[in-house]
Amino acid sequence: MNTVIGLISDEQKINRELSLLNKAGFSEDNIQVFSLDRELEKFFSHEKYSVIARYAGWGAFIVGVIYTIFALAAAWCDCFFLHFSIATYNEIIPAGLFIGGFIGGLLGLFAGIAEYENEMTPYAQGVRRGGKVIAVQVDEAESEKAQQALLSSGINRVRTIYS
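In short, a report on the structure.

Our focus in this paragraph is the overall build of the protein. Secondary structure summary: the protein contains five helices and four strands in total. N-terminal to C-terminal, the α/β element order of the protein is β-α-β-α-α-α-β-α-β. The principal-axis extent of the C-alpha atoms belonging to the protein is close to 70 × 35 × 20 Å. Counting across all 163 residues of the protein, residues that qualify as buried make up 36%. Restricting to contacts in the protein with at least 6 residues of sequence separation, those with at least 24 account for 83%.

Below is the structure:
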């Protein structure tokens, strides 16, 4: 299931949009309207952790591999600047993956938090200013249809959150 969201600034547009979505074939059970910031945060908390975990995982993987390559190169060339006192390659690879993974995981964590905040801040600000966020839960095949239904009525900031 995906969620298509849009920001509505006008109270009168909400009723019209709900009827347009119903006419387009979307059930009222799959449509939610958020008017409070904490409701919005609670609904999208799974998205927050998903984004953060994805960034942390990729950061750990990429930096872990890069750090391991540099550790192996330093041990192989016996460079003074990159000197490691690890005796065997069997110890260098796990240590490089662990240290690099930890550093990359932290960097990815912060990048994931920033990405989530950049994407969700406009919706939270819109709700604080009196707007409402409409969320439509749809199958992947209906995501485009729901996006077009929201865009056709002039709703701002329409996007799909993929689950």
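Adjacent strands of a sheet pair through backbone hydrogen bonds, lying either parallel or antiparallel. Pairing is antiparallel across the open sheet formed by four strands, whose spatial order is β2-β3-β1-β4. Of all strands in the sheet, those with a lone pairing partner are β2 (31-34) and β4 (156-161), marking the two edges. Each strand of the sheet is rotated relative to its neighbour by a mean of 15 degrees, with strand direction disregarded. The pairing of strand β1 (residues 2-8) with strand β3 (residues 132-138) spans seven bridges and is antiparallel. Directly across from Ile8, in β3, lies its bridge partner Lys132. Sheet contacts for helix α5 (residues 143-152): β1, β3 and β4; angle to β1, the most-contacted strand, approximately 5 degrees.

The tally for this structure, following the rule as stated, stands at one aromatic pair. Ring geometry for Trp58 and Phe61: centres 6.1 Å apart, planes at 85 degrees, overall edge-to-face. Residue Trp58 and its partner Phe61 are located together in helix α3 (residues 45-77), separated by three residues, close to a single helical turn. For the residue pair Trp58 and Phe61, the accessibility class agrees, reading exposed in each case. One Lys or Arg, Lys145, reaches over the ring of Phe26 and ends 5.4 Å from the middle of that ring.

Next up on the list: a nonpolar patch on the surface. On the surface, Trp58, Phe61, Ile62, Val65, Ile66, Ile69, Phe70, Ile93 and Leu97 cluster together into a nonpolar patch covering about 880 Å² of accessible area. When residues of the nonpolar patch are traced back to their parent elements, those giving at least two are α3 and α4 (89-128). Among the elements that take part in the nonpolar patch, α3 stands out by supplying seven residues, more than any other. Turning to its location among the elements, Val65 is positioned in helix α3. Under the relative-accessibility criterion, Val65 is labelled partly exposed at 31%.

The element β1 is largely enclosed, with a buried count of seven among its seven residues. Where β1 and β4 come together, four bridges link them in antiparallel fashion. Looking across to β4, one finds that Leu7 is bridged to Asn156.

Turning to α3, a few remarks are in order. Every α-helix winds through 3.6 residues per turn, so residues three or four apart in the chain are directed the same way. A rise of 1.5 Å per residue sets the reference length of α3, with its 33 residues, at 48 Å; its end C-alpha atoms lie 48 Å apart and thus fit the reference within 8%. Of all the positions in α3, only Glu47, Val51, Ile52, Ala56, Gly59, Gly64, Thr68, Ala71 and Ala74 are classed as buried.

Attention now moves to α5. Turning to α5, its buried residues are Ser143, Ala146, Gln147, Ala149 and Leu150. Looking straight down α5, one finds that the buried residues subtend no more than 160 degrees of arc, so they occupy a single side. Downstream of α5 by one or two residues, Gly154 has phi in the positive range, about 85 degrees.

Calculation rules
- Residues numbered from 1 in each chain as written.
- Predicted model: local features only at pLDDT ≥ 70, side-chain atom pairs only at ≥ 80, totals over all residues.
- Heavy atoms only, no water.
- Helix = DSSP H or I, 4+ residues; strand = E, 2+ residues; numbered from the N terminus.
- Buried < 20%, exposed > 50% of the residue type's maximum accessible area, 1.4 Å probe, protein only.
- Contact = heavy atoms within 4.5 Å.
- Pairing = 2+ DSSP bridges.
- Axes fitted to C-alpha atoms, helices over the stretch in contact; angles between N-to-C directions.
- Phe/Tyr/Trp six-rings, centres within 6.5 Å; stacked < 30°, edge-to-face > 60°.
- Lys NZ or Arg CZ within 6 Å of the ring centre and 35° of its normal.
- Patch = residues over 30% accessible without salt bridge, like charges linked within 9 Å, V, L, I, M, F, W, Y side chains within 5 Å.
- Areas by Shrake-Rupley, 256 points an atom, 1.4 Å probe, with all protein chains shown as cover.
- Salt bridge = Lys/Arg side-chain N within 4 Å of Asp/Glu carboxyl O.
- Expected span 1.5 Å × (residues − 1).
- Arc of directions from axis to C-beta.

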